[in-house]
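The lines below spell out each chain.
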Amino acid sequence: MKSIFLSVFTCLMFFSTNVLAQEDEGNSGTVYSKYGTGFPLLNNTAQEKAMGIIGISFNDLGSPGLSNPAFWGIGAFSKIAANFDFANYSVKDSFSNGSNSLLKIGSFQAVFPLSKNQLGLSIGLYPETRSSYNVNSEETVIQGGSNINFLSNRTGTGGVTKFEVGLGWKINQRISLGYAPSYSFLTESEDASLTFLNQNISNNTVNRRINGTSVSHRFGLLLSERGIFGKEDIIQIGGTLTLPTNFDASQKKTTTKIVGTESEVVEIGTAQNADISLPLKMGAGISYFPNSKFNASVEFQTEKWSEAEYGFSSSDESAFVDRNVFGLGFQYHPYKDRSSKFLSNFKYSAGVSYDTGHIKVNNKEVETLWLSAGLGLISPNLRSNSSFDLSFQYGFRGTTSQNLVEERIFGINLSVNLTELMFLRRKLN
Amino acid sequence: MQKSISKVAFTWRLILSVLVVSSLISCENSNTVGGGVVDSAGIRIDTVSIPDFQQNGSDIFSGKLQSLPIGEYNDPLYGSSRSIAYFKPSLGPARDASLSLLSDFILKLQINNNLHYGDTSQVANYSVYKVTERWRGNTISSTDNISFDTSELLGSFSYQNEDSVSITLSQSLLEEYAEYVNNDSSNVDSLYNFEFFGIAIVPDNVSAQIIYPNIIGSEFLTIRRSTQDSVSINLQDYAFTLDRQNTPMFPNRLYLNNYLESFYSINFETVANNLSNENILRAELVLYEDADQISTSLPQNHIRPETRFLDLKFASESELRYDLQFTTTDFVGVLDTTDNTFRFNVTNHINNYIFGSPDERELYLNINPNGGIFNSTILFDNTSTAAMRPKLILTIEE
């Protein structure tokens with residue numbers, strides 16, 4: 001098992017450097033991430049993604065979760081998790097088709113039990129929204145009876161990243177609460193490039209950079225009850241609340257010009273300040289564990305994007321609509337039988353989720369349907385709950401009507417979860 | 001159990017390898033999908049009127065240019081021009097050969113026969129006289145007057161359309177020149193410079209054509225009559241003067257010529273100040289030539305060198321004439337015959353105003369003196385019809 005983890009971390013280090021390299025190459029995600037501060041992310045773990053749920057009512061003792069702070073007080077293990085996402089987008093619109101891909105580090109989280117199975121501390125770094133788009137178009141402007149033909153490219157990266165320190169408190173066997181304040185960083189960068197086929201006009205790239213910081217708060221609640229329909233069953237009801245996050249953001253545009261005889265980076269226009277906000281989010285879900293080998297969840301989250309602000313673009317702001325996410329999934333744990341069969345060494349997940357989208361473009365909401373499945377490997381060491389979780393998702397987003405883009409998304413998500421025993425020296429072999 | 005774990009480990013390694021490889025082979029397929037969702041980076045075109053052009057006048061340094069205009073022509077559009085050329089042979093090569101008085105003294109002129117200015121159907125007649133005052137090609141100006149002695153004709157020639165002409169000069173000039181050539185004294189060079197002033201080629205009053213001898217290929221020759229041995233003598237100095245009459249006035253037009261009788265200054269500071277921090281991708285000064293008036297003003301068989309380039313350059317006030325004539329232009333406007341415009345790319349100059357502080361602000365619009373070939377043109381000015389006025393066309397990123 002140790003060799004496996006070494007292999008994994010070697011690969012992940014390779015992934016990490018590869019991520020940076022690929023971003024430099026301009027690999028991109030969804031074109032719809034151009035709006036506002038980017039496409040909102042759920043930050044659920046790989047196994048939660050595999051189940052199609054958000055993670056509001058579901059927890060796994062072998063891995064921490066970001067979705068509901070109420071879970072952080074449960075369990076005796078220290079947990080560290082890193083999530084990695086790869087997505088391939090097949091895109092098409094009324095005129096063209098193509099593909100792009102995006103590989104990125106998703107989130108990092110560590111949960112430490114301050115008081116075993118009662119009070120836990122979580123430290124997390126994760127993206128709340130992500131911009132990652134790369135859109136080309138061919139344009140023509142008529143001037144004085146002749147055409148000016150040029151290629152336009154807009155490449156955007158960035159989004160809101162949160163550094164979060166929170167507490168989870170298991171009040172009793174039935175009730176747990178959680179609170180997570182966070183410091184949010186807004187960093188957006190867009191390069192708008194013009195390449196003219198007529199060499200008389202200089203090619204130009206304008207970099208637009210938006211920065212801002214804010215503090216945000218979220219809360220979690222978990223209600224748990226055993227033995228309702230059977231002796232072994234457990235039912236968990238979770239709820240989360242994230243308060244709106246308000247940024248006083250600044251925007252600056254720069255480009256490169258020849259001034260005098262030198263090439264200089266100069267500021268275009270004047271720096272602007274504007275209000276940007278992320279909306280109120282509320283989520284709820286129910287997970288049912290009839291026995292130790294099977295569980296199912298159904299969850300829902302609503303986000304009040306219609307009340308969100310994006311002061312740098314009224315058209316972006318007016319595109320925001322309330323977002324609702326529904327998830328339904330189950331999980332099967334044959335490994336708990338301790339069978340020697342190969343396929344019994346994993347846990348299996350499957351689910352479906354539906355996202356109404358947070359924007360309405362050209363009078364059409366950008367909806368996403370995800371079909372997902374996954375498997376996880378638990379450490380055979382009884383003193384450890386370390387695990388790998390791998391999920392595979394296939395998503396249907398958008399449409400080619402209304403001048404929109406239809407995306408078919410194939411995603412692979414990996415969560416690497418390390419537990420307390422990985423960090424303690426054994427006193428006895 | 002251990003065997004099973006090894007299989008699992010192998011499975012995970014396989015999965016991770018697939019992930020790594022897939023991430024490596026996944027790449028962006030450049031496409032234009034998304035134009036309906038993400039607005040393109042765009043441009044807009046603004047047209048800006050430019051401030052008044054300030055007319056200036058001067059003359060040019062007319063010595064040591066590549067071509068020497070000789071002749072007289074009364075241009076129906078631009079007025080009368082009478083140009084006299086001055087030549088002085090060098091002393092060196094003839095001294096080596098010891099000049100015999102039994103020789104012919106000849107001036108050979110290589111003519112740019114595709115650059116005539118005037119009536120090509122008539123023969124132009126020229127006379128050669130002795131110059132009677134000292135002049136230097138490095139300092140002479142086109143409006144200077146250099147005296148010559150018309151009482152003694154040293155030679156003459158007629159020209160219509162030849163590639164070159166050879167003018168046999170008088171025996172008296174040969175003898176005067178030979179005094180210096182055959183003089184062994186140490187101060188002969190100084191004496192030659194201060195006492196021998198060369199010849200003037202003067203168009204007859206009935207001439208209606210200006211020709212342009214090319215200095216490259218033009219020379220003095222002495223040919224010994226007995227042996228026909230010839231000695232080539234370089235031109236030590238050469239220049240021309242220009243007498244203008246009936247200089248024109250063009251209402252609603254900008255009038256330019258390359259002997260600097262009329263040129264203009266222009267300043268873009270006011271325009272640039274209204275473009276605060278705009279992202280100017282191209283700033284193009286467009287000037288419209290009055291092609292109709294230019295082309296219809298010449299009688300049949302009359303020709304005029306075309307003006308195909310205009311200069312827009314910075315120049316120092318103290319060295320204005322020199323800078324306009326001899327320094328490299330900062331912006332060049334090439335005639336676009338499809339719409340009869342001269343277009344100057346002044347993008348960097350405008351951006352210097354917007355993002356910096358230009359060291360030089362005053363620009364001068366003129367026709368390059370072009371080695372002595374006369375060029376003129378007229379352009380529509382700020383009082384002309386709106387479509388033809390000088391303008392600055394700005395391509396702006398937005």
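Asks: How should I be thinking about the overall build of chain B in this particular structure?
Replies: For chain B, the count of helices and strands is eight helices and 25 strands. For 398 residues, the compact-globule estimate of 2.2 N^0.38 gives 21 Å, and the C-alpha radius of gyration of chain B, at 32 Å, exceeds that figure by more than 25%. Referenced to the eigenvectors of the C-alpha coordinate spread, the extents of chain B come out at roughly 125 × 60 × 40 Å. Taken across its 398 residues, chain B has 37% of its residues classed as buried. Sequence separation of at least 24 residues holds for 83% of the intrachain contacts in chain B that already meet a minimum separation of 6.

Asks: Teacher, can you tell me more about the sheet that holds strand S2 (residues 54-56) of chain B here?
Replies: Pairing between the strands of a sheet comes from backbone hydrogen bonds, and it takes one of two forms, parallel or antiparallel. All names here are of chain B. The antiparallel open sheet is built from nine strands, whose spatial order is S1-S25-S18-S22-S21-S20-S23-S17-S2. Each having just a single partner strand, strand S1 (43-49) and S2 make up the two edges of the open sheet. Ignoring strand direction, the axes of neighbouring strands in this sheet form an average angle of 25 degrees. Here strand S20 (residues 309-314) runs beside strand S21 (residues 331-336); their pairing, made up of four bridges, is antiparallel. When the sheet's bridge partners are listed, Asp311 is paired in S21 with Val332. Across the face of the sheet, helix H8 (residues 347-355) comes into contact with strand S18 (280-288) and strand S22 (341-345) while running at roughly 125 degrees to S18.

Asks: Please clarify how unusual backbone geometry should be interpreted in this entry.
Replies: Across the chain, the bulk of peptide bonds are trans and the bulk of non-glycine residues have phi less than zero. Residue Asn117 of chain A is not a glycine yet carries a positive backbone phi of 55 degrees. Within the secondary structure layout, Asn117 of chain A lies in the loop between strand S3 (97-115) and strand S4 (119-127). According to the C-beta neighbour criterion, Asn117 of chain A is partly exposed, with 13 such atoms within 10 Å. Phi angles above zero are rare outside glycine, and Lys64 of chain B is one such case at about 60 degrees. Along the polypeptide, Lys64 of chain B turns up in the loop between S2 and strand S3 (70-75).

Asks: So what exactly am I meant to see when it comes to the confidence of the model for chain B here?
Replies: Low pLDDT marks stretches whose predicted atomic positions should not be read closely. Residue and element names in this part refer to chain B. The pLDDT averaged across chain B works out to 89; a share of 91% of its residues lies at or above 70. Contacts from residues 24-28, a stretch scored under 50 in pLDDT, to residues over four places away or in other chains number eight contacts. Here the prediction assigns the complex a pTM of 0.81, and the interface score ipTM is 0.77.

Asks: Explain the pairing of strand S9 (residues 234-242) of chain A here, please?
Replies: A regular strand places its side chains so that they alternate between the two faces of the sheet. All names here are of chain A. Here nine bridges tie strand S8 (residues 204-226) to S9, and the two strands are oriented antiparallel to one another. Opposite Leu223, over in S9, you have Ile237 as the bridge partner. Taken together, the nine bridges between S9 and strand S12 (residues 281-291) define a ladder with antiparallel strand orientation. Bridge pairing links Ile237 to Ile286 in S12.

Asks: Please clarify how the sheet that holds strand S13 (residues 213-224) of chain B should be interpreted in this entry.
Replies: Residues and elements named next belong to chain B. Read from one edge to the other, the open sheet built from four strands follows the order S10-S5-S13-S14, with strand pairing classed as antiparallel. Of all the strands in the sheet, just strand S10 (164-169) and strand S14 (230-233) have a single pairing partner and so form its edges. The sheet shows a mean angle of 25 degrees between the axes of neighbouring strands, direction not considered. Across four bridges, S13 lies against S14 in antiparallel orientation. The partner of Phe220 across the bridge, within S14, is Ile233. This element, helix H3 (residues 171-181), spans strand S5 (103-111) and S10 of the sheet and lies at about 100 degrees to S5.

Asks: How do you make sense of H8 of chain B when you look at a structure like this?
Replies: An α-helical turn contains 3.6 residues, so any two residues separated by three or four positions project in the same direction. Extensive coverage of H8 of chain B is indicated by the burial of seven of its nine residues. Listed in full, the buried residues belonging to H8 of chain B are Thr347, His349, Ile350, Asn351, Asn352, Tyr353 and Phe355 of chain B. In this structure, the buried side of H8 of chain B is in contact with strand S10 (245-259) and strand S11 (262-278) of chain A together with helix H5 (269-273), S18 and S22 of chain B.

Asks: Quick question: what am I supposed to make of the nonpolar core here?
Replies: Across soluble globular proteins, you tend to see nonpolar side chains buried next to one another. Ranked by internal contacts, the top residues of the largest apolar core, which has 87 residues, are Ala85, Ala200, Ile201, Ile350 and Leu365 of chain B. Here this core takes seven residues from S18 of chain B, the largest share from any one element. Core analysis: the second largest hydrophobic core is formed by 56 residues, Phe86, Val361, Leu390 and Leu404 of chain A among them.

Reading the values: the criteria
Residues numbered from 1 in each chain as written. Chains lettered and ligands numbered in written order. Predicted model: local features only at pLDDT ≥ 70, side-chain atom pairs only at ≥ 80, totals over all residues. Helix = DSSP H or I, 4+ residues; strand = E, 2+ residues; numbered from the N terminus. Rg over C-alpha atoms; globule rule 2.2 N^0.38 Å. Buried ≥ 20, exposed ≤ 12 C-beta atoms within 10 Å, placed from the backbone. Contact = placed C-beta atoms within 7 Å. Pairing = 2+ DSSP bridges. Axes fitted to C-alpha atoms, helices over the stretch in contact; angles between N-to-C directions. pLDDT = per-residue confidence, 0-100. Core = buried A, V, L, I, M, F, W, Y, C linked by C-beta atoms within 7 Å.

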